[in-house]
Amino acid sequence: MNMDEIKDKRIAVLLSGGVDSSVVVYELARQGLHPDCFYIKIGPEEEEEWDCSSEEDLEMATAVARRYGCKLEVVDCHRDYWERVTRYTMDKVKAGFTPNPDVMCNRLIKFGAFHEKRGHDYDLIATGHYAQTEWIDGYKWLTTSPDPVKDQTDFLAQIEDWQLRKALFPIGHYMKEEVREIAEREHLVNARRKDSQGICFLGKINYNDYIRRYLGEQPGDVVELATGRLIGRHRGLWFHTIGQRKGLGFGGGPWFVVRKDVEKNILYVAHGYDPATAYRQEFRVEDFHFLTLPELPQRVTFKIRHTADYLPATVEALADGCFVLHADAPIHGVAPGQFCVVYDAEHHRCFGSGEIRV
């Protein structure tokens, strides 16, 4: 964290109640700063009917803000989340795609709706993301965290350029275990609290139950791609994603989802882990969102899911403004609608992301 960047700046901290954002407050406080803290209230359209941990989250956030003499304000982005992120998610899964709601939550809610409601009063918005920023040749870049497992630049690769300019990631230079050690040493109330899993607002809610709530079920055939043999029935294409193995429930497996025919409502599966149909070495990337500069080098690394692996590839620019990525090796589980996040060859600077079409 560059003190010159934050000196004399008004800073808002998005305090979730988790250990990461709590250590953000500590990091700023130890520099003699007293940022204003905000708890963003988000959730499904009819939040009172869902079981979630928001009450405990708010209690934790309140305790941490009080500990460091910071004021805490609750900002209700519940309706914004439904209108922007949930609608985006349902539209994508209904069309047979594999969206990432957390990616759009960062762009539309944490750095979007919050900014519209309260963030416009602040120079910087600090979060507990495992990511960094770096000024290179006069431009601010999103750069990776030293923790390859926790790095969250992939979740931030759709934020707007003006949002990146206001972003501050005070714990981005730490490994996760270092953050835990700080929290334990400082006796933070949530030092041993487990990390949240899955989509940010769901808490204990099952993702398929959430999808079923808004889209219902649409049964169709499950067919073995190689033979055309009927394997069974699915309850809706939107409950499955390319590369999926778990939760299919068909005998004689293992089975892997390899294709979805939305028009005919057919789910195609393959028997065994390595069917050629489950792999792709090149794919098209559309609507690429650039973070800093509107260009990609010929050699890059990329991610299509949240893993520690950065995969090498060559970029082919198309006349229509889209790109084709030619991976150095075949990739398993490439699915339409996934975000492909692109980095430099050293997987340091993040250029942005676009949606995969295959």
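Just so it is clear, the structure is predicted and the values come from calculations on it, not from any experiment.

K.L.:
So what exactly am I meant to see when it comes to the pairing of strand β10 (residues 255-261) here?
P.N.:
A regular strand places its side chains on the two faces of the sheet in alternate fashion. In terms of burial, β10 is a largely internal element, five of the seven residues being buried. With six bridges joining them, β10 and strand β11 (residues 266-271) adopt antiparallel strand pairing. Paired with Phe256 across the strands is Ala270, a residue of β11. Turn length for the β10-β11 hairpin, with the two strands adjacent in sequence and antiparallel, is four residues, and the turn residue Asn265 shows positive phi of about 60°.

K.L.:
Any chance you could explain the environment of Glu224 here in plain terms?
P.N.:
Within the fold, Glu224 resides in strand β8 (residues 220-224). In this structure, the C-alpha to C-alpha distance between Glu224 and Ala319, residues 95 residues apart in sequence, is 37 Å. With residues up to four places along the chain from it excluded, the contact list for Glu224 reads Arg229, Ile231, Trp255, Val269 and His271. One polar contact links Glu224 to Thr227, side chain to side chain, over a distance of 2.9 Å.

K.L.:
Can you help me understand the packing of aromatic side chains in this one?
P.N.:
Two aromatic rings, taken as a pair, are described by how far apart their centres are and by the angle between their planes. By the definition in use, this model includes 11 aromatic pairs. The interplanar angle of 80° and the centroid separation of 5.5 Å between the aromatic rings of Phe38 and Tyr122 together place this pair among those described as edge-to-face. Taken together, the residues span a long stretch of sequence, with Phe38 in strand β2 (residues 36-41) and Tyr122 in the loop between α5 (101-117) and β4 (124-126) at a distance of 84 residues. The exposure class of Phe38 is buried, given its relative accessible area of 0%. One aromatic cluster is present, formed by Phe38, Phe114 and Tyr122 through successive ring pairs. It is Arg10 that lies over the ring of Tyr122; its NZ or CZ is 4.4 Å from the centre. Sitting above the plane of the Tyr310 ring, Lys303 keeps its charged end 4.5 Å from the centroid.

K.L.:
Help me understand the environment of Lys194, please; the structure alone is not making it clear to me.
P.N.:
Relative to the assigned elements, Lys194 resides in the loop between α8 (176-185) and α9 (207-215). Take Lys194: its relative accessible area is 78%, and that puts it in the exposed class. Put simply, Lys194 and Gly18 are 176 residues apart on the chain and 8.1 Å apart in space, counted from C-alpha to C-alpha.

Reading guide: rules and limits
Residues numbered from 1 in each chain as written. Predicted model: local features only at pLDDT ≥ 70, side-chain atom pairs only at ≥ 80, totals over all residues. Heavy atoms only, no water. Buried < 20%, exposed > 50% of the residue type's maximum accessible area, 1.4 Å probe, protein only. Helix = DSSP H or I, 4+ residues; strand = E, 2+ residues; numbered from the N terminus. Pairing = 2+ DSSP bridges. Contact = heavy atoms within 4.5 Å. Polar contact = N/O pair within 3.5 Å; in protein donor to acceptor, adjacent residues only side chain to side chain. Phe/Tyr/Trp six-rings, centres within 6.5 Å; stacked < 30°, edge-to-face > 60°. Lys NZ or Arg CZ within 6 Å of the ring centre and 35° of its normal.

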